[in-house]
Amino acid sequence: MQYFRFLTKISGQAHLRALVLQSSNASDAGKRAKELLVANEKILSINVLKGSTWLVIKGVEVKGKTIQPHDQSDQVPEDVDPLTDALMTEQTRESTESPKVKMEQTKAGQTESEESAEPVSEGKEAPMPTYLAATIEAFMVCVVRIFTISLSIWKGSAHRLAQKQNDDDAYATLRTDTEFPVFEWMKASWDGVIFLSWIVMPWIIIFGANMGYRFDWSTFWAGMIATYFMVIPLSLTKEALVLILSIALNVERISYKTSGTPKK
């Protein structure tokens, strides 16, 4: 198994996000990455981990200071930094600098220049299709996504749990070299809580709806709807915990480096 990193960018944001996935090949990792991307999120660079370095296999080189973690990434070994520079090998650099690629890039640049050089009348309103596309996209993000994000969260948790079962380090194995073992355990257990919520809660709802003289359908449907959307606050809690843990671990690493004490 290899680690592949997809550096993505959401329209309107300055930073990139590092989506790290573990897979046997780049093709399978690419399919998973596309399923995990949100609206208006595009892949700018695809990297593969060689030793402790991320090498570009497609796309452009990226500096680590512009990269932030992605909340859908797989867990990586402790000695792997998912936020370092993306570097090109000589072979990749030569392929991107070939005359054919340069010609295509030149043509693309000329096309963009010609488009930007088109005269624009002062006070001219944007064409209707632009507003229509913006309206449709806003509807998809603000309305439709509310009803589909729960399924994406649950499937992501199920995939990470299954992957952990196949890895050498299971969720039950806690790190012993950290000052935050409870945080580590809670971070790992939230995927289990999210996954089990859709399995356990329906049975509890059925039992509660059947407590009366006859089956209470209003209680049943209200409970099922609440269960479907319950994974959203659970995932938000997990993400907040991961953020706190990341800050704490970075502070821990800095303290080790400052004191010069070797980390066990």
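To keep things clear, this report deals only with the structure shown in the data block. All figures in this text were calculated on a predicted structure; none of them were measured in a lab.

**Considerations on the overall build of the protein**
If you tally the helices and strands in the protein, you get six helices and six strands. Listed by position from the N terminus, the elements making up the protein come as β-β-α-β-β-β-β-α-α-α-α-α. Residues counted as buried form 27% of the 264 residues belonging to the protein. Put simply, of all contacts in the protein between residues at least 6 apart along the chain, 66% involve residues at least 24 apart. Element-wise, carbon and sulfur atoms account for 63% of the exposed surface of the protein, whose accessible area totals about 17700 Å².

**Let's talk about the sheet that holds strand 2 (residues 16-23)**
Across the sheet, which stays open at both edges, the six strands sit in the order 5-2-1-3-4-6 with mixed pairing between neighbours. Looking at the sheet topology across the chains shown, the edges are occupied by strand 5 (67-69) and strand 6 (86-88). Taken over all neighbouring pairs, the strand axes of this sheet differ in orientation by 45 degrees on average, direction set aside. As paired elements, strand 3 (residues 41-50) and strand 4 (residues 53-59) share six bridges and run antiparallel to each other. Looking at the pairing, Ser45 lines up with Gly59 of strand 4. Lying over the sheet, helix 1 (residues 26-36) contacts strand 1 (2-10), strand 2, strand 3 and strand 4, oriented at roughly 130 degrees with respect to strand 2.

**As for helix 5 (residues 181-209)**
For helix 5, with 29 residues, the first-to-last C-alpha span of 40 Å sits near the 42 Å given by 1.5 Å per residue. At Ser197, helix 5 shows its maximal kink, close to 45 degrees. Taken together, the buried positions of helix 5 are occupied by Glu184, Ala188, Trp190, Asp191, Gly192, Ile194, Ser197, Trp198, Pro202, Ile205 and Ala209.

**Looking at the pattern of salt bridges**
Tallying each qualifying case throughout the model produces four salt bridges. Note that Arg17 and Glu41 form a salt bridge whose closest N and O atoms lie 3.2 Å from each other. Here Glu41 lies in strand 3 and Arg17 lies in strand 2, a separation of 24 residues in the sequence. Just as Arg17 is buried, Glu41 falls in that class too. For Asp191, the salt bridge is made with Lys238, and the minimal N-O distance between the two is 2.9 Å. Residue Asp191 is located in helix 5, and its partner Lys238 is located in helix 6 (residues 217-259); the two are separated by 47 residues in the primary sequence. The exposure class assigned to Asp191 is buried, which follows from its relative accessible area of 2%. One salt-bridge network, held together by shared partners, links Arg160, Asp191 and Lys238.

**Notes on the side chain of Asn47**
Counting through the fold element by element, Asn47 comes out in strand 3. Among the polar contacts listed, one links the side chain of Asn47 to the side chain of Ser45, at a separation of 2.9 Å. Excluding its chain neighbours within four sequence positions, the residues that come into contact with Asn47 are Tyr3, Phe4, Arg5, Leu7, Trp54, Leu55, Val56, Ile57 and Ala86.

Calculation criteria
Residues numbered from 1 in each chain as written. Predicted model: local features only at pLDDT ≥ 70, side-chain atom pairs only at ≥ 80, totals over all residues. Heavy atoms only, no water. Helix = DSSP H or I, 4+ residues; strand = E, 2+ residues; numbered from the N terminus. Buried < 20%, exposed > 50% of the residue type's maximum accessible area, 1.4 Å probe, protein only. Contact = heavy atoms within 4.5 Å. Areas by Shrake-Rupley, 256 points an atom, 1.4 Å probe, with all protein chains shown as cover. Pairing = 2+ DSSP bridges. Axes fitted to C-alpha atoms, helices over the stretch in contact; angles between N-to-C directions. Expected span 1.5 Å × (residues − 1). Bend = angle between axes of the 7 residues up to and from the residue. Salt bridge = Lys/Arg side-chain N within 4 Å of Asp/Glu carboxyl O. Polar contact = N/O pair within 3.5 Å; in protein donor to acceptor, adjacent residues only side chain to side chain.

Interpretation in functional terms is not warranted from these geometric data alone.
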